[in-house]
Amino acid sequence: MSHSTVPRSRTEAETTEKAPVASGGAIGTRYNRPKGKLSWRLRFRRDRVLLLMTLPAVLLILVFNYLPILGNIVAFEDYDPYASDNGIVSMLHSPWVALENFQQIFADSSFWNAVQNTLVLFFLQLILFFPIPILLALLINSVVRPRVRALSQAILYLPHFFSWVLVIAVFQQLLGGAGLFSQLLRQHGFDGLDVMTDPNTFKFLVTAQSVWKDAGWGIIVFLAALSSVSPDLYEAAAMDGAGRWRRMWHVTLPALRPVIALLLVLRVGDALTVGFEQILLQRDAVGPGAAEVLDTFVWWNGVRNQDFGYAAAAGLVKGVISLGLVLAANKVAHLMGEQGVYKK
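All of these numbers come straight from a predicted model, not from anything done at the bench.

Trainee: Explain the packing of aromatic side chains to me, please; I cannot follow it from the model alone.
Mentor: Note on aromatic pairs: each is described by the distance of the centres and the angle between the planes. Counted by the stated rule, this structure contains 14 aromatic pairs. With 6.0 Å between their ring centres and 90° between their planes, Y79 and F308 make a pair best called edge-to-face. Placement of the pair is Y79 in the loop between α3 (40-66) and α4 (87-93) and F308 in helix α17 (residues 308-335), with a sequence separation of 229 residues. A residue is classified by how much of its surface remains accessible, and Y79, at 16% relative accessible area, is buried. What makes F308 partly exposed here is its relative accessible area of 25%. Where F122 meets F123, the ring centres are 5.2 Å apart and the plane angle is 55°; that geometry is what we call tilted. According to the relative accessible area criterion, F123 is partly exposed, its value standing at 45%.

Written as structure tokens, this is what we have:
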């Protein structure tokens, strides 16, 4: 057999075929690219349809989320909205005060009272509200009959579609001075109670309203995560002698851990936003000392008192703190071995 008919090995053939051109040039550069790496032109050609599909959403985010960030310049001005009919022109002609608004904020006791109320409400909702959807999802998931599971899930999810006006009206009819519980107490010789106007219990009232309204949404999220757990894991654990509680601890909860970590990071990032409409509707009933939070503080000073620069400075401080909380919580998620909002 001649030398020309001897078959070469595949490795040798591929090495000869993919060898870079000695004279250099574009071909040599393409072959020298690491395996799996594509140029941005090739990636654009490959994904151009997907990029066009996401383009409207990107434009909406740019217009409604990122362009308004430029308005934070108002926090460094004594903004006068009546300087011009055009808001941008008003910003350009308003007096520049640098950090004066921030100095006034940090010296304002009402601002620190709003910060304190916001943090107290956040920790209460984190401790009392966040675990409840997890527990309810585990309880519903343990129900055998599909119809009972579907009915329970629908009943718990229904209040999520109610407005805060309706939610507060329901609580007023139950816990108000002329509510159902007060009437029952008076009929049995006791003094009535008015939880809706009690500053001492206001934070627990707000937390209870949030649980009743939004716990159903959390249940949907955790049930979706539970549906991805393989039944083989439960069968293997049962064959090893694990009871219901041990299966829940060693199979169910580890499956929920990524979702719990993600929602916890998002919840921490939303720590300083504890419900503007919910608090504002009940602010006058208990007074600003118990109900003033950062969102209502910004609204009251910016909209009601027309001090836009001062309110913008308070909102900017809130945004910076929220960003720091998100980054810190995401770092904790990475230390726990979870992905969090974004990868390392």
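Trainee: Can you walk me through the nonpolar core in this structure?
Mentor: One broad trend across soluble globular proteins is that nonpolar side chains are buried collectively. Judged by nonpolar contacts, the single largest core of 17 residues is most densely connected at L121, F171, L175, M196, F202, L205 and I279. Looking at this core, the elements that each hand over two or more residues are α9 (164-175), α11 (202-227), α14 (276-286) and α15 (288-291). The element that contributes the greatest number of residues to this core is α9, accounting for five residues. Look past the residues within four positions of M196 in its chain and what remains in contact with it is I168, F171, Q172, L175, G176, L205, Q209, Q282, A285 and V286.

Trainee: Looking at this structure, I do not really get the pattern of salt bridges. What am I missing?
Mentor: A full pass over the atoms with the stated rule returns four salt bridges. One salt bridge in this structure joins K213 and D214, with 3.8 Å as the shortest N-O distance. Take D214: its relative accessible area is 21%, and that puts it in the partly exposed class. K318 serves as the salt-bridge partner of D295, at 2.4 Å between the closest nitrogen and oxygen. With D295 in helix α16 (residues 294-304) and K318 in helix α17, the pair connects residues that are 23 residues apart, well separated along the chain. In terms of burial, D295 and K318 fall into one category: buried.

Trainee: So what exactly am I meant to see when it comes to the packing of α9 against α11 here?
Mentor: Packed helices, taken two at a time, are described by the angle their axes make and the gap between the axes. As a packed pair, α9 and α11 sit with axes 11 Å apart at the nearest point and diverge in direction by 120°. As the angle between them shows, α9 and α11 are arranged oblique. For the element pair α9 and α11, the recorded crossing hand is right-handed. In this structure, α9 uses W164, V167, I168, V170, F171 and L175 to contact α11, whose residues at the interface are L205, A208, Q209, S210, W212, K213 and D214. Residues belonging to the contact of α9 with α11 are distributed by class as follows: nine nonpolar, two polar and two charged.

Definitions and cut-offs
Residues numbered from 1 in each chain as written. Predicted model: local features only at pLDDT ≥ 70, side-chain atom pairs only at ≥ 80, totals over all residues. Heavy atoms only, no water. Phe/Tyr/Trp six-rings, centres within 6.5 Å; stacked < 30°, edge-to-face > 60°. Helix = DSSP H or I, 4+ residues; strand = E, 2+ residues; numbered from the N terminus. Buried < 20%, exposed > 50% of the residue type's maximum accessible area, 1.4 Å probe, protein only. Core = buried A, V, L, I, M, F, W, Y, C linked by side-chain atoms within 4.5 Å. Contact = heavy atoms within 4.5 Å. Salt bridge = Lys/Arg side-chain N within 4 Å of Asp/Glu carboxyl O. Axes fitted to C-alpha atoms, helices over the stretch in contact; angles between N-to-C directions. Parallel < 35°, antiparallel > 145°, perpendicular 65-115°, else oblique. Left-handed = near helix turned anticlockwise from the far one by under 90°. Nonpolar A, V, L, I, M, F, W, Y, C, P; charged D, E, K, R; others polar.

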